[in-house]
Amino acid sequence: MSTSAAAAAATGKDGYGDEPWSDRSLENYVVRAKHPFNAEVKLDKLVEHFVTPTERHFRRNHGPIPNIDGDAWTMTVEINTRRPSVRKSVHTVALADLRRLRQFDVVAVLECAGNRRDGLKAIKPVNGVIWGAGTASNSQWGGCRLRDVLVAAGVPASLSDPFYDTPRHVEFAAYGDASDDVHYASSIPLGWAMNPLNMVLVATEMNGQPLVRDHGFPARIVAPGLIGARWVKWLRYIRVQDHESDCFYQKRDYKILPPMANEANCEAFWPRFPALMELNIQSAICRPAPDEQLVVGMPYLARGYALTGGGRAVDRVEISLDDGATWDLAQVFCISAKHGSASSSISSSSSSDGSDGSWAGDDVSSSDDGQRDWSTRQWSWVLWAYQISRVPASCTIACRAWDSGGNTQPAAAVWNYRGVMNNSVFRVHPKVEPSRGGKL
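Residues numbered from 1 in each chain as written. Predicted model: local features only at pLDDT ≥ 70, side-chain atom pairs only at ≥ 80, totals over all residues. Heavy atoms only, no water.

In this section: the sheet that holds strand 21 (residues 397-403). What the four strands build is an open sheet, ordered 17-16-21-22; its pairing is antiparallel. The two strands at the open ends of the sheet, each matched to only one other strand, are strand 17 (328-329) and strand 22 (426-428). Sheet analysis places strand 21 next to strand 22, joined by three bridges and oriented antiparallel. Among the inter-strand pairings, I397 is bridged to a residue of strand 22, identified as V428. (Pairing = 2+ DSSP bridges. Helix = DSSP H or I, 4+ residues; strand = E, 2+ residues; numbered from the N terminus.)

Structural data, given as structure tokens:
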């Protein structure tokens, strides 16, 4: 067994004897599964920071957490294609090699494709961890570009090179065990990874500090604008190849199957449909929180997040207090273009009644001033706020977002067997109590 493989092996009969419980601030989470550890962030805590602190970032795992010695860790970078002009090769890479390359930071939202799966389960059973809306988080990631790692290994730097005339892929595999395959692996199109504007990183830092174990120490892929399943952690190898990954998580998972597909017949459908890549347009209401009670006739500040994929921008968030009959614009807060590589964590104050709070700081601005640069690629989420002047006696609060591609959220959820990519209009039915004076 290699040094890295030995270092990655977990202890305990079931593989879960060496979990990093000291790094898990459980008061911030709703734990959906202990083994493997899967936990989403409590929604009211999720929007207290524009840049999500590490201890409030959702945790998604498919097996035990590897315990890797960073000093001993290595991964391989492999070129395995049939084109003679680019010879096959295998390179061993350590942390020091990654750090010698130019370093970049990007603030990017990471969202699990199963975010809001509970809305699809409400229609009929689905296959997967039943998440609410708390598996989206927005952190600062640091490392070298994947593009630079591949160029150093011999991949052509120019996308006009004939090497790219044929679609190719780059596969990532993780150390450690996975529940549905020998290991976790996934791939993305090579052309996407090699475009420097897409900011795909081999990340070694999160929020200015080395990655913690739950988030992929010592190195992981950060693929802004793509679903979380492509952000592979605990890197074991990176491989350029002529086909997409054959791993379970690429071929038989993270796809939107048609509504007639189910547990009994899904094997016939997996090969027919593409692996998910880009995030879709999404928004959620985080306050009022599920257990929060509003007072009739009093003001209230509703808050939430919105995101989209592929480098597109969320251009507006709309709020309805009458279940979609009428809509109004929320105030949207976004990362300033000049701080696309922001390093500071922007926090908001939050009163007990939700009546104040804003995301202040040099790195965050309101998009309501008309000065937003729509030409830049957007990788961060936006946060939004909407002032309800008088809470009605009975209301359904709904939110929907639009992006710069003209995409918006459907009025109703569309069920699929795997329970992925639910981005229907988000609705809450808050509890209300009579005004304290007894009059409206």
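Strand order in this open sheet of five strands is 4-3-12-7-8, and the pairing throughout is mixed. Here the strands that pair on one side only, and so sit at the sheet edges, are strand 4 (89-94) and strand 8 (185-189). If you compare each strand with its neighbour and ignore which way they point, the axes differ by 20° on average. With six bridges connecting them, strand 7 (residues 169-174) and strand 12 (residues 235-241) associate as antiparallel partners. Pairing of A174 across the sheet is with L235, part of strand 12. (Axes fitted to C-alpha atoms, helices over the stretch in contact; angles between N-to-C directions.)

Residues W21, L26 and V31 make up a contiguous nonpolar surface patch of about 250 Å² in total accessible area. Within the secondary structure, L26 sits in the loop between helix 1 (3-8) and strand 1 (29-33). The class of L26 is partly exposed, set by a relative accessible area of 40%. (Patch = residues over 30% accessible without salt bridge, like charges linked within 9 Å, V, L, I, M, F, W, Y side chains within 5 Å. Areas by Shrake-Rupley, 256 points an atom, 1.4 Å probe, with all protein chains shown as cover. Salt bridge = Lys/Arg side-chain N within 4 Å of Asp/Glu carboxyl O. Buried < 20%, exposed > 50% of the residue type's maximum accessible area, 1.4 Å probe, protein only.)

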